Amino acid sequence: MLLPRPIAQGVADGSVDLAFRRWADSRVKVGSTFVTAAGVIEITSVRSVDPEKITDRDAKRAGFPNADNARARLRGPDEYPTFRIGLRWHGEDPRIALRADAELSDEDIADLTKRLDRLDSRSSHGPWTRQVLALIGRRPAVVSTELAAELGRERPDFKLDVRKLKALGLTRSLDVGYELSPRGRAFLDADGR
């Protein structure tokens, strides 16, 4: 489930604890967690509701000024059910601590090498992991459109690959573009490819 940064931050600070979504079927389960710009968020409840019964109070709990505004922001066909989803901040994004860890043991390097090799071997466009890491290292804070074009790739596919590197703690998203994390730099230094 995606949450805009201000809503995710509202969950983190306690001012937001609901979301409303219109889906054919529920896409989330109670107890599941997901990572946002503000940290990890947990799903605490999921139930179908009549959108006309969304109250101003519930809309404010979802980060909207009123119920009409919350209903207007629902996406999807009107015949799809509307879900009222309870949210709770679960903790810091674990990738933050991972990114900062530049003290890589031999086991850490072997594990990262194995994971990156696996990503490369499963790719439909050939090995890409070290190439993308090196590019981000050379061109931090450059818009993803330029980086993707430099590699002859489509931007959405390129961004998806960078997210995989981010999940391993090797890169960090900036307001514009990316940069290598300390962990990413340490890995590239140790990798020697």
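Heads up: the structure comes first, above all this text.
Reference entry: report on the structure contained in this document. On a predicted model such as this, the values are computed, not experimentally measured, just so you know.

Bringing the environment of Leu174 into the picture now. Here Leu174 is to be found in the loop between β5 (171-173) and β6 (178-180). Taking the C-alpha atoms as reference points, Leu174 and Arg155, separated by 19 residues in sequence, lie 16 Å from one another. Non-local contacts of Leu174, meaning those with residues more than four positions away in its chain, are made with Ala141 and Glu179.

What follows is about the nonpolar core. In terms of nonpolar packing, the biggest core is built from 21 residues, with Leu170 and Phe187 touching the most fellow members. Listed by contribution, the elements that provide at least two residues to this core are α5 (106-121), α6 (129-138), α7 (144-150), α8 (155-167), β6 and α9 (182-191). Once you skip the residues sitting within four places of it in the chain, Leu170 turns out to touch Leu112, Leu116, Leu133, Leu165, Leu180, Ser181, Arg183, Gly184 and Phe187. Formed by 15 residues, the second largest nonpolar core is a distinct cluster that contains Val16, Trp23, Phe34 and Ile41.

Working note: α-helix, 3.6 residues per turn, so residues spaced by three or four point in the same direction. Looking only at helix α1 (residues 5-13), the buried set comprises Ile7, Ala8, Gly10 and Val11. All buried residues of α1 project into a common sector of 155° when viewed along the axis, lining one side. What points out from α1, more than 90 degrees from its buried face, is the exposed set Pro6 and Asp13. Directly beyond the C-terminal end of α1, a positive phi value near 90° is found at Gly14.

Relative to the 18 Å expected for 13 residues at 1.5 Å per residue, α8 spans 18 Å between its end C-alpha atoms, a close match to the ideal helical length. All buried positions along α8 are accounted for by Phe158, Asp161, Val162, Leu165 and Lys166. One side of α8 carries all its buried residues, which in axial view fall inside an arc of 150°. Structurally, α8 contributes buried residues whose contacts are with α4 (94-100), α5, α6, α7, β5 and β6. Looking one or two residues beyond α8, the residue adopting positive phi is Gly169, at roughly 80°.

Another point: the environment of Leu165. The topology assignment puts Leu165 in helix α8. Judged by its relative accessible area of 0%, Leu165 is buried. Separated by 50 residues in sequence, Leu165 and Arg115 place their C-alpha atoms 9.9 Å apart. In this structure, Leu165 is in contact with Leu116, Trp128, Thr129, Val132, Leu133, Leu170 and Thr171, ignoring residues within four places of it in sequence.

Following the criterion strictly, the structure yields 18 salt bridges and no others. We note a salt bridge from Arg61 to Asp17, for which the minimum N-O separation is 2.9 Å. You can see Arg61 sitting in helix α2 (residues 56-61) and its partner Asp17 sitting in the loop between α1 and β1 (18-22), a full 44 residues away along the chain. Residue Arg61 is classed as partly exposed on the basis of its relative accessible area of 23%.

Taking every second residue as pointing to the same face, the buried face of strand β2 (residues 33-36) carries Phe34 and Thr36, while none of Thr33 and Val35 on the other face is buried. As defined by bridge partners, β2 adjoins strand β3 (residues 39-49) across 4 bridges and the pair is classed as antiparallel. Bridge pairing links Phe34 to Ile41 in β3. Hairpin geometry of β2 and β3 is characterised by an intervening segment of 2 residues between the two adjacent antiparallel strands.

Thresholds, definitions, all that
Residues numbered from 1 in each chain as written. Predicted model: local features only at pLDDT ≥ 70, side-chain atom pairs only at ≥ 80, totals over all residues. Heavy atoms only, no water. Helix = DSSP H or I, 4+ residues; strand = E, 2+ residues; numbered from the N terminus. Contact = heavy atoms within 4.5 Å. Core = buried A, V, L, I, M, F, W, Y, C linked by side-chain atoms within 4.5 Å. Buried < 20%, exposed > 50% of the residue type's maximum accessible area, 1.4 Å probe, protein only. Arc of directions from axis to C-beta. Expected span 1.5 Å × (residues − 1). Salt bridge = Lys/Arg side-chain N within 4 Å of Asp/Glu carboxyl O. Pairing = 2+ DSSP bridges.

Bear in mind that shape data such as this cannot, by itself, settle questions of function.
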